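These are the residues of each chain, in order.
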Amino acid sequence: MSTIQSGAGKRIVVCGGAGYIGSHTVLELLSLDYDVVVVDDLSYGYRHNVEPGRLRELNVLDTDAVERVLREKPTEAVIHFAAFISVGESMHKPEMYFHNNTCGSLSLFTAMMRAGVKRLVFSSTAAVYGMPDKVPIVETMPYAPVNVYGESKVMVEKILGWMDLIHGLRSVCLRYFNASGADPEGRRGEEHKPETHLIPLLLEAVESGKPATIFGTDYPTPDGTCIRDYIHVTDLAQAHIFAVQHLLSGGASDKFNAGTGIGFSVKQVIDSVERVTGKKVPVTYGPRREGDPPELVASSEKLQKTLGWKPQFTKLDDIVRTAWNFEQKREKQLE
Ligand code: UDP
């Protein structure tokens, strides 16, 4: 078990730090006094998420340029978020996902080896488990991805196994469940374009009056809709801090589920959005979305016991409230 330490000016390079989870992690790193540099090509991330002096605008596929960033000053560790995340798109453009997610990671690891940086936290995903027949999901369950996105991450996890063995590159893979919510102070939030995630889509439906679609009501769950494990993005960001500190204190490579262990159905999420916004969510009922498992809930026992992490946001309404606050703040800024 560990507690969070000060970063004491240690330099961490965050690839994909202008995106949703990356930018929340940067906030946590800065609050602990780490020296943070962000590598991001801004293909999906936002310039407004990064202080200008910290941004190196480039793609991780550019091995030489990443190596130069790592060599600017002694770098203690890398946190790697930079990836494409759309499951549906990955099934239409597999080459794009393997190129960006798998080859991009390999390019980054090559740059790290050249620059002598041997600590990495990697954004992995629950999609590595595919359609598990048991919940909660534990880390010992086999790789069984059912889409290219999940496979692109499995490949990176496997590469990391060999990089550890051969080069001593120590890594922590965090397998994210459903990242959600926004910074409690409203400084960052979810701004995917196009948006595909449930909570922001429901909030958009409340605001626009245009109905959101519920994908399937005939699942073998108590209310017929899919159950997911919604982890607040700040809790998830904290998991990265624990992971970095584990590695910096000499910890071994490992893989952890990052979820809360609590599942909520799509209908329960809609109820929560209605409680928080005080408005009815307009919805329509559609067919199941291809590739959606009925229930995905993490066991986060390993993360809690090994690294000492604990989620602060365990009530769905509290998670939704932070997303709603961010959404309203954003609306005001656009007015
Ligand atoms: N979902 C839905 N309508 C939407 C978007 C999502 O019913 O417009 C459902 C989806 O089928 C899944 C859950 O909400 O059961 C969470 O989906 P999301 O895309 O947010 O995350 P995922 O579980 O795919 O990572």
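One can find the structure itself at the top, above this paragraph.
Residues numbered from 1 in each chain as written. Predicted model: local features only at pLDDT ≥ 70, side-chain atom pairs only at ≥ 80, totals over all residues. Heavy atoms only, no water.

A. Structural context of the overall build of the protein chain. Check the secondary structure of the protein chain and you find 10 helices and 14 strands. A globule of 335 residues ought to have a C-alpha radius of gyration of about 20 Å, and the protein chain, at 19 Å, matches this closely. With the C-alpha coordinates aligned to their principal axes, the bounding extent of the protein chain is approximately 55 × 45 × 40 Å. The burial tally for the protein chain puts 55% of its 335 residues in the buried class. Contacts in the protein chain between residues far apart in sequence, at least 24 positions, make up 79% of those at least 6 positions apart. The distance from the centre of the 37 positive side-chain charges to the centre of the 42 negative ones in the protein chain is 3 Å. (Helix = DSSP H or I, 4+ residues; strand = E, 2+ residues; numbered from the N terminus. Rg over C-alpha atoms; globule rule 2.2 N^0.38 Å. Buried < 20%, exposed > 50% of the residue type's maximum accessible area, 1.4 Å probe, protein only. Contact = heavy atoms within 4.5 Å. Lys, Arg positive; Asp, Glu negative; His and termini not counted. Charge placed at Lys NZ, Arg CZ, Asp CG, Glu CD.)

B. Spatial organisation of the sheet that holds strand β12 (residues 264-265). The sheet built from three strands is open, its strands ordered β12-β9-β14 with mixed pairing. Two strands close off the open sheet at either side, each with one partner strand: β12 and β14 (295-296). With two bridges joining them, strand β9 (residues 227-228) and β14 adopt parallel strand pairing. What sits directly across from arginine 228, in β14, is leucine 296. (Pairing = 2+ DSSP bridges.)

C. Highlighting a nonpolar patch on the surface. Taken together, the side chains of Trp162, Leu165 and Ile166 make up a nonpolar region of the molecular surface, amounting to roughly 400 Å² of accessible area. For leucine 165, the position within the fold is in helix α5 (residues 148-167). Residue leucine 165 is classed as exposed on the basis of its relative accessible area of 64%. (Patch = residues over 30% accessible without salt bridge, like charges linked within 9 Å, V, L, I, M, F, W, Y side chains within 5 Å. Areas by Shrake-Rupley, 256 points an atom, 1.4 Å probe, with all protein chains shown as cover. Salt bridge = Lys/Arg side-chain N within 4 Å of Asp/Glu carboxyl O.)

D. Local environment of the side chain of serine 299. With respect to the element layout, serine 299 can be found in the loop between β14 and α9 (301-307). For serine 299, a relative accessible area of 12% corresponds to the buried category. With near-sequence residues (within four places) excluded, serine 299 lies in contact with Pro136, Ile137, Val138, Glu139 and Asn257.

E. Layout of the site of the ligand. With respect to spatial proximity, 14 residues lie near the ligand, and among them Leu198, Thr213, Arg228, Arg289 and Asp292 are the closest. The contact in question runs from an oxygen atom of the ligand to an N or O atom on the backbone of phenylalanine 215, over 2.9 Å. Arginine 228 places a side-chain nitrogen or oxygen 2.9 Å from an oxygen atom of the ligand. In isolation the ligand offers 510 Å² of accessible surface; the protein chains occlude 87% of this area. When residues of the shell around the ligand are traced back to their parent elements, those giving at least two are α6 (198-208) and β8 (212-215). Looking at the shell around the ligand, the element that brings in the most residues is β8, giving three residues. Residues of the shell around the ligand, tallied by class, amount to seven nonpolar, four polar and three charged. (Near = heavy atom within 4 Å. Polar contact = N/O pair within 3.5 Å; in protein donor to acceptor, adjacent residues only side chain to side chain. Nonpolar A, V, L, I, M, F, W, Y, C, P; charged D, E, K, R; others polar.)

Don't take any of this as a statement about function, it's just geometry.
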